[in-house]
Amino acid sequence: MRLGRRALFGLAVGLVCFLFAFPVLWLILTSLRPQSGVYYVHRGTELTLVNFAAVLQNERIVQAFVNSALISTLATVFSLMVTVTSGYMLSRFRGLLSRTWFGTIYVFRCVPYISWVLPLYFVTQAWGVYDSYTGLLLPHIAVHICFFSWLMKGFFDGIDGSMEQAALLDGCTRWGAFVRVALPAAMPAIAALAVLCWLFTWNEFLFALILTGQKTPVITVVMAQFVHEMGIEWHLMSATAVLALGPAFLLTLFGQKYVIRGLRI
Amino acid sequence: MAVLSPPPPAVAAVSPYKGARRRRFGEQERFMALLIAPAALLMLLFQVVPILIGANASFRDWALYDPKRTWVGLKHYVEVLGDPLFLTLVLPNTFLFMAVSVGGALCLGLALALLLNRPFRGQKVVQTVLLMPLMVAPVIAAIMLRWMFNDQFGIVNVVLEGLGFEGQPWLAQRWTAFAVIVFTDVWLWTPWFTLLLLAGLQSLPREPFEAASIDGAGRWATFRFVTLPLLRSIIVVCAVIRAIDAFRTFDIVWTLTGGGPGRSTELFSLYAYVFAFLNLDFGKGSAAAMIGAGVILIVGVLLFRVLDRLVEVSR
Amino acid sequence: MRKRLGWVLACTGMVLLLAGTSGAQAPKEIRVGYQPNPIQDASLAMMEKWGAKHGVKITKVPNSYGVYVEKMTASLTSNSDQYDVIWHNDDWGQLWKKLLEPMDDIPGLKFADKWGMDPIIFNNDDGKTTVVPLGHTFGAFFYRTDLLKESEVPKTHAELVTVSKKLQEAKKVKFGYVGAMAMNHTWFSWFWTMWTNECDVLLPVYNRDNATLAKNGWKSGMTEPCMKETAEYWWDAINTHKISPKGMPAYDRNEANAVFMAGDAAFTVADSVYWATFNDAAKSKVAGKVGISYFPLGPRRKDHFSWNDIWGWAVPKSISAERKKLAKQMLSDMMSDEEGQLELWKRTGAPPPNVQVWDRIAKDDEFMRQLKKYNMDIKRKAHSAYYFEKWPAVHKAFNDSATKALTGDRKDIPKALEEGAAAVHNAAK
């Protein structure tokens, strides 16, 4: 009886895994087909690396990969630096300032991009950071503030404050208590956010499209250039997308294990 | 049935600063301000200022090709709210989408997080596979799924017809198109829930679970009375954030259906986009976006309250 | 004294020399804002050749599709000095007329095709044109040469149905006709059948003069009997006669072309430049088996039909006078650059802007002869869009209503068309 249930359970998990993986595998298969086979992928069995060769010959693609990796990493590091402290503040302090801050980040998070992405374009141009690393990094970080702060607040809420209190009584500074006691305990959350932030920035399209021009090619925007007035060059776009999967895959593989901790607090 | 000991009250936020408050008021406030200073500055420069510019535009006659910028007050707002399609088609569509896709992703994500919480053979592989949708850019995923559901060359219909069923014109009918949109969204966002809820589960204290197993509680009871309350704040935050973002979803819907067929899958953000960027009427598009902001603000708060109470009731 | 004077003269001479050379060495540059696309890429190649010959640096600034119009409009209205030459299209011909430099002083324009340069599209309020063409784009009616002889190609809408059914019954092909129908791809199904049936989005039919349209109250043609015929034609094509796939109302041109190139359809309408792709064995399963012909006509039209519009280059008004002069000189020289235009034709299959080159190409190239016969030399052509700011909104209103009519019940078509007419009218006025 138990074996039957376990088999059924395994089957369900297998099905879910299949559904999750299938579109990605189909994408990889599409990128390996010649241009005549990128739509009717199931017809014919020809596989070729021609699309990848064509994509890699484009010098902007390589530069775009480097830029995207750099921006994703910097955005992750800076976002976490800025938002983990913010979340800690929201969790440990409940006064007026805390409530105001929370209300502010919540309200501004609710405004859809449509109304302010074009003003963002004007603003970055006015401040001279359009089409630069800064110009792309800072808005990304700003957008993460609400969500990361709120989430970190939730995690810090679940961490007992008595350990920090003990540290304070022992003579630790507030900042020291934060860094040495609270942070390590929140490691799974920070790791999860780091993975999500990196992937999100890597795959982010709208801001990259609006805020970059010639000087800062980014992988998602370069991919978008295969879409033009007269159609989509799907064979090249899918090859680029598959190449972009590589670093994302590696990062997820690498970052996952920090989410799973053998020890519990 | 054994009586379950209630989870330890240490879960509630015990701030280490509560007692010390009155003595060191100035220093504490400075610390608080320091903690949020960099975030506040960034928000001001790169979010608040553009949003205020957009809000300003919503009260003006601002077409992108002829920015007269004359003040028109609430004219755009009245037009949008008076548009019957906005109230009877766009908003209901958006709420339905929000409810189904967030609900679906949350439940599935929670189930998968629980699955991955305990080590088993092949866990690493399963975990990596389950996170695969996160690795793909949403627009790419949307294009891929659009062509997978194409009635002629899409693999879905090919398989269906191979099994003897009739292939559907998925994107040419309202509800099948809606289903494809929801499927895409759940596919993209379940791993997000999974990862965060898994982190949450991994951070939970061990004692309540040990106590529950000593008390002889079954798996479902442990879940309902121990796991869920402990995980409450994370679940609610994730659900509300995701609901806000689901309300604003644009790129996957635009790619999959463009709001079609015949506007029947039009969501709120497409409505605003068409005005702002297709018709180049930035003022009106901005007004529509502001109305949406107001709606989602209220809905978010309500959702937070409701979910909070819902998860608490299961105690 | 003499020594010092000599020294002063030498210094002055050196200063003047340096000033003179540095002045002469000031690099000339032309910044081009465009959208990556084979036709524009070929035109840019011509620019780079010109730049190499005249010592001018050509800086290419690609912009992504989807935000080209918005970003470019924002750039033009904020007078930002970003581009010297920008890609221009009939779709926004009137949208940017106040922001662009008049081009009537360009001698090379005398080689341009008059139809494409129609004042209605590109003239500003002073009656001067604002564009220099770079190539022609239009749709063509494609058919499978292995399934039909040229004499068997359907000449009317009704024949399209009967021929398709015959081919389908003989199991020679899965569908008779496939063509894009979704928003922004409307030309490849709705528009061409509408236009070949003496029908149009706004009344009077085929009229693009904004003054006339306004005088007529921006009345929509959707409630005309001709439009009902067109809607019912497509409804029957999909549901009754089943000569088109059921998912077609949602198809964009990628999907429609994919079905045709896989060999699952006998007829399609697509951009004429796709002739090269359809016949490329690396890209298409029907390579070598594709030809073009006249558009099949509806019951209300007796003479042949085609549409024809240009892509071009424009110069923003806000840049400096010397940059304008340089840009205009380049654009004028490009109009006379016959070799470059031949190259553009060979690379893309798009007719180049200089009409004299057309005859030269047609002498050796069969496809150009066909294009001239079936499209470019047609007497009564239409412009494929309207030229007022609200056109995108009108287009979307039309497409949404037409799709609604097509995806509902057949008996609800008149009602859907009526609602559509109201929507179109409201969007236009």
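Below, the discussion takes up the interface of chain A and chain B. The accessible area lost on association of the parts is a frequent measure of interface size. Across the contact, 83 residues belong to chain A and 80 residues belong to chain B. Sort the elements by how many residues they give to the side of chain A that touches chain B and helix α6 (residues 133-157) of chain A lands first, with 13 residues. Of the residues that constitute the side of chain A that touches chain B, the class distribution is 59 nonpolar, 16 polar and 8 charged.

We now examine the sheet that holds strand β10 (residues 309-314) of chain C. Residues and elements named next belong to chain C. In space, the 5 strands of this open sheet follow the order β2-β1-β3-β10-β4, with mixed pairing throughout. Each edge of the open sheet is held by one strand with a lone partner, namely β2 (56-62) and β4 (132-137). Strand after strand, the sheet turns through a mean of 25 degrees between neighbouring axes, direction not considered. Taken together, the 5 bridges between β4 and β10 define a ladder with antiparallel strand orientation. When the bridges of β10 are listed, Gly135 appears paired with Trp311.

For the pair helix α9 (residues 187-203) of chain A and helix α8 (residues 174-202) of chain B, the least separation of the axes is 8 Å and the interaxial angle reads 165 degrees. In terms of their interaxial angle, α9 of chain A and α8 of chain B are classed as roughly antiparallel. Where α9 of chain A crosses over α8 of chain B, the handedness of that crossing is right-handed. Where α9 of chain A approaches α8 of chain B, its residues Pro188, Ala189, Ala191, Ala192, Val195 and Leu196 of chain A are matched on the opposing element by Trp192, Leu195, Leu196, Ala199 and Gln202 of chain B. Tallied by class, the residues present in the contact of α9 of chain A with α8 of chain B amount to 10 nonpolar, 1 polar and no charged.

Right, let's talk about the interface of chain A and chain C for a bit. With 20 residues of chain A at the contact, the number on the chain C side is 21 residues. Breaking the side of chain A that touches chain C down by element, the ones donating at least two residues are α5 (113-126), α10 (206-211), α11 (219-224), β1 (227-228) and β2 (231-232) of chain A. The residue inventory of the side of chain A that touches chain C, partitioned by class, reads 12 nonpolar, 7 polar and 1 charged.

All names here are of chain C. Assigned domains within chain C: domain 1 (28-137 + 308-376) and domain 2 (139-307 + 390-428). Using C-alpha coordinates to define each centre, domain 1 is positioned 29 Å away from domain 2. At the junction of the two partners, domain 1 supplies 12 residues and domain 2 supplies 13 residues. Examining the composition of the side of domain 1 that touches domain 2, we find that 5 residues originate from one element, helix α14 (residues 366-376), more than from any other. In terms of residue class, the side of domain 1 that touches domain 2 is built from 5 nonpolar, 6 polar and 1 charged.

Rules used in this analysis
- Residues numbered from 1 in each chain as written.
- Chains lettered and ligands numbered in written order.
- Predicted model: local features only at pLDDT ≥ 70, side-chain atom pairs only at ≥ 80, totals over all residues.
- Contact = placed C-beta atoms within 7 Å.
- Helix = DSSP H or I, 4+ residues; strand = E, 2+ residues; numbered from the N terminus.
- Nonpolar A, V, L, I, M, F, W, Y, C, P; charged D, E, K, R; others polar.
- Pairing = 2+ DSSP bridges.
- Axes fitted to C-alpha atoms, helices over the stretch in contact; angles between N-to-C directions.
- Parallel < 35°, antiparallel > 145°, perpendicular 65-115°, else oblique.
- Left-handed = near helix turned anticlockwise from the far one by under 90°.
- Domains from an automatic or database assignment.

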